[in-house]
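Summary of the model geometry
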Amino acid sequence: MAVSRFGIASNRKTALMKQQMREIAKLLNEDPPKEEKARIRAEALIRDDNTVEAYEILQLTCELLSERIKLIASQKACPDDLKESIHTLIWCATRVDIPELLEIKKQFRYKYGKDFVDDASENKCNVVNERILSKLSVQPPTAFLVHTYLEKIADQFEVVWSPTVKLKAEDMAQPTKAPVGYSVQVAPGTGLAPSSPFMPNPNGNSISTSHNTTAMNHNNHDKQQISLPLPNLPVVPPPALSTSKPMPPSANYPSPIDTIEEPDIFVPSEAMKSSGPPTTNMQPDDIGKSTETQNVDITDDNESNEEDDAFAILQARFDELKNR
């Protein structure tokens, strides 16, 4: 009866495990992925997987005892070659959901006594199957094993997923840390709050990226007002040094423009052309003055009137020189 019971229990758990895998894949496929809930479901999946593995071993143990039942009945003491198998079944009687194991434990109590059963239940002789002890242990699985299960499930159901929080090397051999809620959406019922998740802090505390956003923005604004980053200025190369001798100050040399003397050009007026060339008695200073009067720039009506007056004065002086 126990052998068939183990087979039925294993098939039932296997079917439930396939459903759990699909649920975990849905959790990882959500946006954002619910990693913390998926990790908890993965722990339950690992425990069921270990239980099914233990069922297979216990089923083999029950088959062995069924084949050697005559040997057990013929000897008053427990055979040495069956001591591990009997202790294993007694130890597992209260740790698995197989009622037939409780009946087996009761029969061995009648056969070998209460002390024998108590020692086997507490594994005082350290003869219980080590693999059974590991698979039915109450210790949680390691974080690395949970992460491996999540990756295998994501690949099997073709879910594109990468962990939000990277697993550190020192945490791989430790159990999965308690959830901090970074994968839980803020105000999921109403949807009125922003959907920023809670991100874990390196110190172990949770930090809300939605409720504390306003305070963080004010603090960052104050810090920016206190110290502003300097802009990246272009690097200007230093001027190349000239190997030629320096020129002396320009004040010691006259400018070429200053050394050029503008020649005086004398333009006679119409009255002067009709009266003929001036006599040789004209003084050079008087000619220079008349030339300067003729070189006045005419820019507007006032300047033209001044030119007419200058010509009239010049004509009067020529007439005066002529009369002499």
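Looking at the overall build of the protein chain
Looking only at helices and strands, the protein chain has 13 helices and two strands in total. Sorting the 324 residues of the protein chain into buried and exposed places 27% on the buried side. Sequence separation of 24 or more characterises 70% of the internal contacts of the protein chain that already satisfy a separation of 6 or more. Split by element, the accessible area of the protein chain, about 23,200 Å² in all, is 54% carbon and sulfur.

Considering the layout of surface pockets
By volume, the second largest pocket amounts to about 430 Å³. Taken together, 16 residues line the second largest pocket, and the ones lying closest to its centre are Leu 65, Ser 66, Ile 69, Ile 104 and Phe 108. At six residues, the largest contribution of residues to the lining of the second largest pocket is made by helix H5 (residues 99-112).

Description of the environment of Ile 153
Mapped onto the secondary structure, Ile 153 falls in helix H8 (residues 143-156). On the basis of relative accessibility, which here comes to 3%, the residue Ile 153 falls in the buried class. Leave out the neighbours within four places in its chain, and Ile 153 touches Met 21, Ile 24, Ala 25 and Leu 45.

Focus on the packing of helix H4 (residues 83-92) against H5
Remark: H4 packs on H5, axes separated minimally by 8 Å, with the N-to-C direction vectors making an angle of 125°. On the basis of the axis angle, H4 is oblique to H5. In the packing of H4 onto H5, the handedness of the crossing is left-handed. Along the contact surface, H4 presents Ile 86, Leu 89, Ile 90 and Cys 92, while H5 presents Leu 101, Lys 105, Phe 108 and Tyr 112. When grouped by side-chain class, the residues that make up the contact of H4 with H5 number seven nonpolar, no polar and one charged.

Description of the packing of aromatic side chains
Describing an aromatic ring pair means giving the distance of the ring centres and the angle of the ring planes. Under the defined criterion, the tally for this structure stands at three aromatic pairs. Between Phe 108 and Tyr 112 the ring centres are 5.9 Å apart and the planes differ by 15°, which places this aromatic pair in the stacked class. With Phe 108 and Tyr 112 both in helix H5 and four residues apart, this pair spans about one turn of that helix. One exposure class covers both Phe 108 and Tyr 112, and it is buried. Geometrically, the ring pair formed by Tyr 112 and Phe 116 is tilted, given 5.0 Å between the ring centres and 50° between the ring planes. Of the residues examined, Tyr 112 reaches a relative accessible area of 15% and is grouped as buried.

Considering the nonpolar core
If you look at the biggest cluster of nonpolar residues, it comprises 29 residues, and the most contacted ones within it are Phe 6, Leu 58, Ile 86, Leu 101 and Ile 132. Of all the elements, helix H2 (residues 35-67) adds the most residues to this core, at six residues. When neighbours within four sequence positions are excluded, Leu 101 is seen to be in contact with Phe 6, Leu 58, Cys 62, Leu 89, Cys 92, Ala 93 and Val 96.

Focus: the packing of H2 against H4
One can describe the packing of H2 onto H4 by two numbers: an axis separation of 10 Å at closest approach and a directional angle of 130°. Taken together, H2 and H4 sit at an angle that is classed as oblique. Where H2 crosses over H4, the two elements pack in a sense that is left-handed. Of the residues in H4, those in contact with Leu 58, Thr 61, Cys 62, Leu 64 and Leu 65 of H2 are Ser 85, Ile 86, Thr 88, Leu 89 and Cys 92. Classifying every residue of the contact of H2 with H4 by side-chain character gives seven nonpolar, three polar and no charged.

A word on the pattern of salt bridges
This structure, assessed with the given rule, holds eleven salt bridges. As a salt-bridge pair, Arg 5 and Glu 100 come within 3.1 Å of each other at their nearest N and O atoms. Linking Arg 5 in helix H1 (residues 2-29) with Glu 100 in helix H5, this pair joins segments that are 95 residues apart in sequence. Overall, Arg 5 belongs to the partly exposed group, its relative accessible area being 34%. Given the relative accessible area of 16%, Glu 100 is considered buried. Salt-bridge contacts for Asp 118 lead to Lys 114; the nearest nitrogen and oxygen are separated by 2.9 Å. Of this pair, Asp 118 and Lys 114 are both found in helix H6 (residues 114-122), four residues apart, which corresponds to roughly one turn of the helix. Classification of Asp 118 as partly exposed rests on a relative accessible area of 24%. One network of salt bridges, with partners in common, ties together Glu 53, Arg 131 and Lys 135.

A closer look at unusual backbone geometry
Omega for the peptide link from Asp 31 to Pro 32 comes to -5°, which places this bond in the cis form. Among the secondary structure elements, Pro 32 is positioned in the loop between H1 and H2. Even without glycine at this site, Asn 123 takes up a positive phi of about 55°. On the secondary structure map, Asn 123 appears in the loop between H6 and helix H7 (130-135). Classification of Asn 123 as buried rests on a relative accessible area of 13%. We note that Asn 126 has phi near 55°; this positive angle belongs to a residue other than glycine. Looking at the secondary structure, you find Asn 126 in the loop between H6 and H7. Classification of Asn 126 as exposed rests on a relative accessible area of 65%.

Cut-off values and rules
- Residues numbered from 1 in each chain as written.
- Predicted model: local features only at pLDDT ≥ 70, side-chain atom pairs only at ≥ 80, totals over all residues.
- Heavy atoms only, no water.
- Helix = DSSP H or I, 4+ residues; strand = E, 2+ residues; numbered from the N terminus.
- Buried < 20%, exposed > 50% of the residue type's maximum accessible area, 1.4 Å probe, protein only.
- Contact = heavy atoms within 4.5 Å.
- Areas by Shrake-Rupley, 256 points an atom, 1.4 Å probe, with all protein chains shown as cover.
- 1 Å grid on protein atoms, 1.4 Å probe; cavity = no way out; pocket = protein on both sides within 12 Å on 5 of 7 lines; lining within 4 Å.
- Points joined across faces, edges and corners; volume = space filled by probe spheres on them.
- Axes fitted to C-alpha atoms, helices over the stretch in contact; angles between N-to-C directions.
- Parallel < 35°, antiparallel > 145°, perpendicular 65-115°, else oblique.
- Left-handed = near helix turned anticlockwise from the far one by under 90°.
- Nonpolar A, V, L, I, M, F, W, Y, C, P; charged D, E, K, R; others polar.
- Phe/Tyr/Trp six-rings, centres within 6.5 Å; stacked < 30°, edge-to-face > 60°.
- Core = buried A, V, L, I, M, F, W, Y, C linked by side-chain atoms within 4.5 Å.
- Salt bridge = Lys/Arg side-chain N within 4 Å of Asp/Glu carboxyl O.

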